[in-house]
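# A look at the structure
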Amino acid sequence: MLIACGMQRCHQEALKKNRVMLAKQLVLKELMEHMIEKDIITTEMMEMIQAKSGSFSQNVEFLNLLPKRGPNAFSAFCEALRETKQQHLEAVILKTTSSLSHGIARLEHCYGSNLPFPASESCNSKRPRWIEPMEHSLDNGDGPPIPPVKYCTPEFYRDHRHLAYKLISEPRGLALVLSNVHFSSEKDLEYRAGGDVDCTSLEMLFKHLGYQVTVFHDQTAQEMQNALERFSKLPGHRDVDSCIVALLSHGVEGGVYGSDGKLLQLQEAFRLFDNANCPNLQNKPKMFFIQACRGDETDRGVDQRDGKEWSDSPGCEESDANKEENLKLRLPTCSDMICGYACLKGTAAMRNTKRGSWYIEALTSVFAEDSRDTHVADMLVKVNRQIKQREGYAPGTEFHRCKEMSEYCSTLCRDLYLFPGYLPGK
């Protein structure tokens, strides 16, 4: 089942019921600086908000973003209101929150605690709690067996190596997996049931693909940052042909949570491996896989309309500039990377408590079966196809028949074949 990692339902409802009032009265300029200081929004998000014309539009943009910034966003917002002398707005919101909580308490009294909808506990244990029903498994079945990786043939390597990245080192590369399933008790982030299945599946997959794998469990945000920095600076990258990083945790758009409930910004993680900061991996493919929510919206799906699918792909023009010869070949700061995400921006990722997450299960299955003769970008398209076809099974909950859609982004410049099992001269 999906474990909520966004703002709590009662807090979302309190903001929604006071949305027009907040959009009219909120003074954002100083408040956003406090929200950056509290690690709720980034400077890029503030600039995006400030790009809107007029205070009302800026406030609306901020209110759209706030519920997606994790379980601490509401309390941080209330604190920032006090710090910017807008306590009157905080008082209205908290009054609404209290009213909503009492409404749930009355429902619980009338119908018992097994309410037929999932919700999340309030951040403050002294306040009335929203009811959290037992976690439902979205699919039937136990944990998946780890599929064996099928090896490519020497003939396939010879036919495809000319247009592909060089990937024949032993090991193929270094891989780092950071997996968080337990979170500090003072933070409202749930235990990620099934997360250990994902971690084991990826560790075995990467080893079978020929990678030297390092795994860290339940790291704080700072420990994750430190682990990524140490990994990016390993001299061993000089002698191998590629690199893999997998981050498995709760998350929001643009970040994943450490075990202490603080955010690790993904752009900061990616930056450690760019051509400027990681010269040992210049011109070598770097793969990232992110299993984390990127918001808290559940994709309800839509009914397919009969008829052919239509697509329109307008042409693009390229322009070249400053093509003088240089004494030294220059590289763009960021290149040769591909990153797979479990879900789309603003949406939640699904996880089965026994079989692990939908995305990692599909990823390990596809890579084990197809890496012998398919490059990584095409395999991630196949992962997308499997995720698209999957549907939640949790009768009586809001997650029944829910959907998910994975995606990837790429700055790869050649085909990335993993050539599993192929070793020149052996």
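Cut-off values and rules
- Residues numbered from 1 in each chain as written.
- Predicted model: local features only at pLDDT ≥ 70, side-chain atom pairs only at ≥ 80, totals over all residues.
- Heavy atoms only, no water.
- Helix = DSSP H or I, 4+ residues; strand = E, 2+ residues; numbered from the N terminus.
- Buried < 20%, exposed > 50% of the residue type's maximum accessible area, 1.4 Å probe, protein only.
- Contact = heavy atoms within 4.5 Å.
- Areas by Shrake-Rupley, 256 points an atom, 1.4 Å probe, with all protein chains shown as cover.
- Axes fitted to C-alpha atoms, helices over the stretch in contact; angles between N-to-C directions.
- Parallel < 35°, antiparallel > 145°, perpendicular 65-115°, else oblique.
- Left-handed = near helix turned anticlockwise from the far one by under 90°.
- Nonpolar A, V, L, I, M, F, W, Y, C, P; charged D, E, K, R; others polar.
- Pairing = 2+ DSSP bridges.
- Salt bridge = Lys/Arg side-chain N within 4 Å of Asp/Glu carboxyl O.

Looking only at helices and strands, the chain features 13 helices and 11 strands. Residues classed as buried in the chain amount to 50% of the 426 residues present. For the chain, the share of sequence-separated contacts (at least 6 apart) that also reach a separation of at least 24 residues comes to 80%. As displayed, the chain offers around 21,900 Å² of accessible surface, 50% of which is attributable to carbon and sulfur atoms.

Where helix 9 (residues 195-208) meets helix 12 (residues 358-370), the axes come as close as 10 Å, and the angle between the chain directions of the two elements is 20°. On the basis of the axis angle, helix 9 is roughly parallel to helix 12. Classified by chirality, the crossing of helix 12 by helix 9 is left-handed. Contact residues: Asp 198, Ser 201, Leu 202 and Leu 205 in helix 9; Ile 360, Leu 363, Thr 364, Phe 367 and Ala 368 in helix 12. Counted by class, the contact of helix 9 with helix 12 contains 6 nonpolar, 2 polar and 1 charged residues.

Attention now goes to the sheet that holds strand 3 (residues 242-248). Strands sit in the order 2-1-3-7-8-11 across an open sheet of 6 strands; the sheet is mixed. Strands with a single pairing partner mark the edges of an open sheet, and in this sheet they are strand 2 (211-217) and strand 11 (407-410). This sheet shows a mean twist of 10° between the axes of neighbouring strands, independent of strand direction. As judged from the 7 bridges shared by strand 1 (residues 173-179) and strand 3, these two strands associate in the parallel manner. Note that in strand 3 the partner of Ala 175 across the bridge is Ile 244. Sitting on the sheet, helix 12 is in contact with strand 3, strand 7 (286-291) and strand 8 (337-341), with an inclination near 145° to strand 7. Sheet contacts for helix 13 (residues 376-389): strand 7, strand 8 and strand 11; angle to strand 11, the most-contacted strand, approximately 160°.

It is worth spelling out the pattern of salt bridges at this point. Counted according to the given criterion, the structure contains 15 salt bridges. Residue Lys 38 is joined to Glu 83 by a salt bridge in which the shortest nitrogen-to-oxygen separation is 3.2 Å. Separated by 45 residues along the polypeptide, Lys 38 in the loop between helix 3 (29-37) and helix 4 (43-50) and Glu 83 in helix 6 (residues 73-83) bring together distant segments of the chain. Arg 390 is the partner of Glu 361 in a salt bridge, and the nearest nitrogen-oxygen pair spans 3.1 Å. Placement of Glu 361 in helix 12 and of Arg 390 in the loop between helix 13 and strand 11 is noted, with a sequence separation of 29 residues between them.

Next up on the list: the pairing of strand 3. Here strand 3 lies mainly inside the structure; 7 of its 7 residues are buried. Looking at chain direction, strand 3 and strand 7 are connected through 6 bridges and run parallel. Bridge assignment links Leu 247 to a residue of strand 7, and that residue is Ile 290.

This part takes up unusual backbone geometry. Cis peptide bonds are those with omega within 30 degrees of zero, and the linkage from Glu 170 to Pro 171 qualifies with 0°. Relative to the assigned elements, Pro 171 resides in the loop between helix 8 (154-160) and strand 1. Located in the positive-phi region is Lys 85, a residue other than glycine, with phi close to 60°. Looking at the secondary structure, you find Lys 85 in the loop between helix 6 and helix 7 (87-111). You will see that Asp 336, though not glycine, has its phi angle at about 60°, which is positive.

Let us now look at the sheet that holds strand 5 (residues 255-257). Reading across the sheet, the 3 strands line up as 4-5-6 and stay open at both edges, with antiparallel pairing between neighbours. The open sheet terminates on both sides in strands that have one partner only, identified here as strand 4 (251-252) and strand 6 (263-265). As paired elements, strand 4 and strand 5 share 2 bridges and run antiparallel to each other. Of the residues in strand 5, the one forming a bridge with Gly 251 is Val 256. Lying on the sheet, helix 10 (residues 221-232) is in contact with strand 5 and strand 6; it crosses strand 6 at an angle near 30°.

Our next topic: helix 5 (residues 55-65). Those residues of helix 5 lying buried are Gln 58, Asn 59, Glu 61, Phe 62, Leu 63 and Leu 65. Buried residues along helix 5 sit in contact with helix 2 (19-25), helix 3, helix 4 and helix 6.

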